[in-house]
Every structure is written in C-alpha cells, then in structure tokens.
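The primary structure of each chain is shown beneath.
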Amino acid sequence: MTTTPAPATLEVLRRVRDRSGGPEDVGTAPAPAEDVLARVSWSVLVEPGDSVAGELVAACGPRRAFDLVRTAVRAGADPLVEQLGLGVSFADSVDGVVDGVRKALERWRPRMAAASDPHPAVAAGAAVGARLLVPTDDEWPDGLADLGPHAPLVIWSRSERPDPVRGCDGALAIVGCRANTVAGAEATAEIASTAADAGIEIVSGGAYGIDAVAHRVAVAAATPTTAVLAGGVDQFYPAGNNALLRNVLGRGRVLSESPPGTRPTRWRFLARNRLIAAIGGATVVVEAGARSGALNTAHHAMHLGRPVFAVPGAFASAASVGCHRLIADGTAQIVVHPADPIAALRPDAGTPPGPGVRTGGTGLDTAADPHVRRALDAVDRRPLPVEEIARRSGLSVDDAADALALAQLEGLVVPLADGWCRR
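Residues numbered from 1 in each chain as written. Predicted model: local features only at pLDDT ≥ 70, side-chain atom pairs only at ≥ 80, totals over all residues. Heavy atoms only, no water.

A. Representation of the side chain of S43 in the model. Note that S43 resides in helix α3 (residues 33-45). A distance of 2.7 Å separates the side chain of S43 from the backbone oxygen of V40, its partner in a polar contact. Excluding anything up to four places from it in sequence, S43 contacts V154, W156, E257 and P259. (Helix = DSSP H or I, 4+ residues; strand = E, 2+ residues; numbered from the N terminus. Polar contact = N/O pair within 3.5 Å; in protein donor to acceptor, adjacent residues only side chain to side chain. Contact = heavy atoms within 4.5 Å.)

The following block contains the structure:
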C-alpha cells in the first residue's frame, strides 16, 4: 500500500506506538505505520468478522493483502486464490475458495475507493480522542486472538483512563434483554457488584436494559467497565445512554471495530456480540427472550470455550425463556449464587456462601440473626420509618433499630430521609 500518512494521522499513530511495548513486553515489535493504515483501510472496506479478509491478512500481511485486493478488483480473483490455497476457514475445496473470494470481491468493490484513503477515518477518530489499536499493541485484548480469521483488524478505543482492557481472566461479560424486569435488574446488580468486589472488569454492549444496569453498577463501584459498540465510537448509541457511556469513559473504555462514522445495524449488533464473548473470560446471560441477541453472545462464548452462565427466572416469564433454554440445552450453567461466575474466572476464590446467605465486611452472618431476619422481612422497596418496621416485624423499636443497623453494615438495607429500604 503506497498511501503516505498525513501529519494528523502520523500523530495518532505515534500515540499508539508510544504506548506499545517492545519485544520484551509483548513478544513482538510494534507494527509499522503503513501496516496500521492498511488495517484501517481494511476496516473501512469490510464488515466485521469477514473471514475472507481475515484469512488474506493472516496469509499476506495487511499491506500486501490490500494491494492484492485492489488489483483483484480490476483483474480478477486468481492472485488471491493462489495466495490463500486450501486450508481456509470459509471453504474446504478449491472451487469453494474461488467462489468465496469472488463473492468477497463483489462485496468489497463498492467500498474500494473509500477504503483506499484511510486518513478520513483516522482523523475522525482523532477528533474524539480515540486510540487506534492493532494486535501488536499491549492494549489489545488477548481474548480476541481466539476469534481466528473472524478477529477484528483494528479496534477504536475511547477512554479517559490509560489502563488497558484486561480481557479474559480479568473480565466478566454480562448481557441480557433490553426490556428487562425489576428482578432482572436486581440480579444484574448483584452479579456485577460481586464481580466488582473481586476486582473483575465488567464487559457489556452499552444497550438499554441489562447492559445499562451492568455498566451503571461498575461505574458506581469504581471498577473498570468496557462497552463494545456496534457503530463508531464517535457517536454513542443508543442516544438515551449517552450520559451513561460518557460515565463509562471515566471508569473504563468504549470500543468498536468499525471506523468512526459507522452507523449501527442489526448485523453489526450480532457481529459485535462475538467481541463481548471473546473479551470476557466468562459470560452471564441475565434475561433473554426467545430471540434475544444475548443468546447470540452466549453461543459465541460457548464456541470459544468460555464458561457460560444463565440466571433462571419465573416459569412464565417471557424475559427468561432464552435463559431457561440455554440451561436446558446444556449451553449454560445455572447461576445459583452471584459469585458463581466469579468462581469460574478465579477458581482459587473459594466456594461462595450458600443461597440466601450474605456476608459482608464484619465477617458476621447477620442474615442468620433472628431479629435481622424479621426486620428484613418487614423492609420494603419504598422507605419505611423504623416504627413501621417494628410494627410489621413484631420487634420493639429499639430492637428493630439495632437489627437495621446490623443489616446496613452488610449492605442489605439503606437509610434514607424517609426511612429504611432494601438496597
């Protein structure tokens, strides 16, 4: 590829290279600027997860592969077929390789002119302070390598923090439906909070519903969180989550494999799910309807060999049909306790407490205290004065106050101006 980097592009590339480790840190030297630009061109040319593009880049390198494709668009597919040979992921015969390459060229031809100049995409990323990452950068999530030819060619990352994406052992993917129930939100908050307490990063898709709850809990708990978008990082989607995603920038980062300016589509949402599954060391589906995109994420995680968990819901709940199917099919393990997914990531974390037992910083099992149990049974989601809690529980006002204080130490209740309520 003969494109010469513009000054603004070089500045972005310099920032990327300065943050990349040398051979002693990551086992490989930083990619040359021309290779990075070639990868940006590829990201403009192809849709996420294009296996033909992934095989070509793996076989020839990003620059040579792109130059070969530019020639093939005019002269035909034979040079590309010769470079690939057999043993590719998208075909098992010579005829299959020829057919796959020809169809790919037809897909790519309308975008070739735009892809030949990567500078607008890099400049758009620079305008919003995005980092441009390639596989040799130390911020590149290790888990993405497991996607093989379906791995992203570049990643655009926006963050107000310098820390890299942890990925795999240090990250838990939490996904679910957009129209969640109250019970689903509570389960998400419990799992995300438990993960945050264990120092686990939360990965999700930045969407309404379960995704948003997972990100909010991570932000509130001051733990890193990653939102993987289906469109460019220069335009947050959905618009109603704009404030939330900006809060994510201060606690973690927003990622996308699509260049800035890309609008999210149904296909890109489905393709995005493979990144969530690959970055997370385990995936939890909290709520999912029969056709939920969260099921797509779960199946990606299963094929990658990652542990998959599902939260059971009410038998008749439409929001839990997908979760129940994952469990019944053996794709997912049932979440009995919020710490179950953490134990899959950190086997040395120990056995979680049994169902219904919560312990906190005091080291006391306050939920086993009969006064605390009675006070908790009397507390509602809306604030209640201690006198009303005493009346409902059959305790004296003093005993109710003492029980509530113990429950507060364990994070089970919250004192508000109008009284006490469950956390």
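B. The arrangement of the side chain of T225 in detail. Positionally, T225 belongs in strand β5 (residues 225-228). Judged by relative accessible area, T225 falls into the buried class, the value being 0%. Not counting chain neighbours up to four residues away, the residues in contact with T225 comprise E201, I202, H215, A218, V219, V248, R251, G252 and R253. (Buried < 20%, exposed > 50% of the residue type's maximum accessible area, 1.4 Å probe, protein only.)

C. Representation of the layout of surface pockets. Estimated volume of the second largest pocket: approximately 370 Å³. For the second largest pocket, the lining is made up of 19 residues, of which G176, R178, S292, G293 and A294 are closest to its centre. Those elements that place two or more of their residues in the lining of the second largest pocket are α13 (266-279) and α14 (293-303). When residues in the lining of the second largest pocket are grouped by element, the largest group, six residues, is from α13. (1 Å grid on protein atoms, 1.4 Å probe; cavity = no way out; pocket = protein on both sides within 12 Å on 5 of 7 lines; lining within 4 Å. Points joined across faces, edges and corners; volume = space filled by probe spheres on them.)

D. Here's a closer look at the nonpolar core. By size, the foremost hydrophobic cluster in this structure holds 48 residues, and its most contacted members are W42, L45, L56, V69, L105 and W108. If you list the elements that add at least two residues to this core, you get α3, α4 (51-60), α5 (62-75), α6 (78-84), α7 (94-108), α8 (112-115), α9 (119-127) and α12 (242-251). When near neighbours in sequence (up to four residues on either side) are disregarded, V69 contacts W42, L45, L56, L80, L105, W108 and M112. Ranked by size, the runner-up nonpolar core spans 29 residues in total, among them A151, V203, V228 and A310. (Core = buried A, V, L, I, M, F, W, Y, C linked by side-chain atoms within 4.5 Å.)

E. Looking closely at the confidence of the model for the protein chain. On average, residues of the protein chain score 84 in pLDDT, and 86% of them reach the 70 mark or higher. Taken together, the stretch residues 15-28 has pLDDT below 50 and engages in 27 contacts with residues farther than four places along the chain or on a different chain. The low-confidence segment residues 353-366, where pLDDT is below 50, has 23 contacts with residues more than four positions distant or belonging to other chains. (pLDDT = per-residue confidence, 0-100.)

F. Structural context of the pattern of salt bridges. Counted by the stated rule, this structure contains 15 salt bridges. With its nearest N and O atoms 3.1 Å apart, the salt bridge here joins R70 to D67. Of this pair, R70 and D67 both sit in helix α5, three residues apart, which is roughly one turn of the helix. Taking relative accessible area as the criterion, R70 reaches 22% and is therefore assigned partly exposed. (Salt bridge = Lys/Arg side-chain N within 4 Å of Asp/Glu carboxyl O.)

G. Highlighting the packing of helix α11 (residues 210-220) against α12. Running from N to C, α11 and α12 point in directions that differ by 40 degrees, and their axes come no closer than 10 Å. Put simply, α11 runs oblique to α12. Crossing handedness for the pair α11 and α12: left-handed. When α11 is examined against α12, the residues A212, H215, R216, A218 and V219 are found in contact with a partner set consisting of L244, N247, V248 and R251. Its residues assigned to classes, the contact of α11 with α12 shows five nonpolar, two polar and two charged. (Axes fitted to C-alpha atoms, helices over the stretch in contact; angles between N-to-C directions. Parallel < 35°, antiparallel > 145°, perpendicular 65-115°, else oblique. Left-handed = near helix turned anticlockwise from the far one by under 90°. Nonpolar A, V, L, I, M, F, W, Y, C, P; charged D, E, K, R; others polar.)

H. How the structure looks around α3. With 13 residues, α3 ought to run about 18 Å at 1.5 Å a step, and its terminal C-alpha atoms sit 18 Å apart, in line with that. With 11 of 13 residues buried, α3 is to be regarded as a mostly interior element. Buried residues of α3: D35, V36, L37, A38, R39, V40, S41, W42, S43, V44 and L45, and no others. (Expected span 1.5 Å × (residues − 1).)

I. Broad picture of unusual backbone geometry. Between Y237 and the following residue, P238, the backbone shows a cis peptide bond with an omega angle of 0 degrees. Relative to the helices and strands, P238 resides in the loop between β5 and α12.

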